[in-house]
Structure formats: structure tokens, C-alpha cells
Amino acid sequence: MKTALYAGSFDPFTNGHLHVVKTASSLFDKVIVVIGVNDQKKRHYDVEKMKDAIDESLKNIGLTNVEVITYGGLTIDIAVKEHANILIRGIRDAIDLAAEESIADFNFDLAGIDTIYIRAGIAGSISSSKVRELIKYDKDISTLVPTPICDLVKQSKEN
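**Points about the overall build of the protein chain**
Next up, step 1: Counting its secondary structure elements, the protein chain contains six helices and five strands.
Next up, step 2: Starting at the N terminus and ending at the C terminus, the protein chain contains elements arranged as β-α-β-α-β-α-β-α-β-α-α.
Next up, step 3: The C-alpha atoms of the protein chain give a radius of gyration of 15 Å, which matches the 15 Å a tight globule of 159 residues would have.
Next up, step 4: Its C-alpha atoms give the protein chain principal-axis dimensions of about 45 × 30 × 30 Å.
Next up, step 5: Considering the protein chain as a whole, with its 159 residues, one finds that 43% of them fall into the buried category.

**As for the pairing of strand S1 (residues 3-8)**
Successive residues of a regular strand alternate their side chains across the two faces of the sheet.
Next up, step 1: In terms of burial, S1 is a largely internal element, five of the six residues being buried.
Next up, step 2: Two strands pair when backbone bridges link them, and S1 and strand S2 (residues 30-36) are joined in this way by six bridges, in the parallel orientation. When the sheet's bridge partners are listed, Ala4 is paired in S2 with Val31.
Next up, step 3: Viewed along the sheet, the connection from S1 through helix H1 (residues 15-27) into S2 turns out right-handed.

**Overview of the packing of aromatic side chains**
Next up, step 1: For the structure on display, the rule yields two aromatic pairs.
Next up, step 2: Taken together, a centroid distance of 5.2 Å and an interplanar angle of 65° make the contact between Tyr6 and Phe10 edge-to-face. Phe10 carries the same exposure label as Tyr6, and that label is buried.
Next up, step 3: Taking 5.5 Å as the distance between ring centres and 65° as the angle between the ring planes, the aromatic pair formed by Phe10 and Phe13 counts as edge-to-face.
Next up, step 4: Through a chain of ring-to-ring contacts, the aromatic side chains of Tyr6, Phe10 and Phe13 assemble into a single cluster.

Calculation criteria
Residues numbered from 1 in each chain as written. Predicted model: local features only at pLDDT ≥ 70, side-chain atom pairs only at ≥ 80, totals over all residues. Heavy atoms only, no water. Helix = DSSP H or I, 4+ residues; strand = E, 2+ residues; numbered from the N terminus. Rg over C-alpha atoms; globule rule 2.2 N^0.38 Å. Buried < 20%, exposed > 50% of the residue type's maximum accessible area, 1.4 Å probe, protein only. Pairing = 2+ DSSP bridges. Right-handed = clockwise from strand over helix to strand, strands pointing away. Phe/Tyr/Trp six-rings, centres within 6.5 Å; stacked < 30°, edge-to-face > 60°.

Shown next as C-alpha cells:
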């Protein structure tokens, strides 16, 4: 079985992330989306609520070979634990590619797991940080994130 692992903070998960997952799910038997938990970084959205919203987003479009988990260590360690054959990284532009290359080399040196890059698609120019900025100024993000993520953001603002 060919298993791919796609890790990120997904804070929030965007349509660019969704495009990467959809593409990966058509290429691999199983895709594991890993929401990275880093105690050194402040999350804007609860990780378990984000996990549930991503699960719902994937279910809504019929992706049955994708699993969403959370993890607080090195990506390469969870990849080995989950028996991933490949790491997936979403790429928006040449700057992303340059940054990802050194990480890919590091991961390959540690565990022999290679990385492939998938373009984030037409929504790829919108990063999670840009989405958060739009949220801050009460702008509509419904075209930038899946509906369950949009609902989570609305609920978070109300609390």
C-alpha cells in the first residue's frame, strides 16, 4: 500500500490545502493529513475542532482514503510510525520550493522518505496567515476555505 503523509499547521485549513489533499488522494492508496502541534507556536484555532472540520470537509467531497490526525513531534517521526512511503508538501511559488528543499533533504537523510510537491492550485496564493488577516477585518472567506472551516471560524469569533 502506498501511503502519503501531508503535514502542516492548517491554522486554518484552506482550499489550497484541500486541493493538495484531493490531488494526493488520487495518487496514493492512503493519505494521512497531520495537523502539527508545536508548543512554541500559538494556534489561532483549537486543534481538535480543526481536525473535526477538516474531517467533515473531506467527507463532504467523498474522500474516503484520507485520515486526519494530530501530532506534536517531528514530521519524519510520525511518517515512519505511520509507514508513509512519501511526504507531500504543497507549493505556492518558488519561495516555497526553496524553503521546502532543505527540509526534504533533511527528512530523506533521517529516514529515507522522499518528498513530492503538489501545486496548491488556483487557491494556492492564499495562505493561512492571509486568511487570518481577512478574518481579523471581518472579510468574507467563504471562497478561500471549505464550508466546515468557515463555520468553525464563525463559531470561534462568536466565543
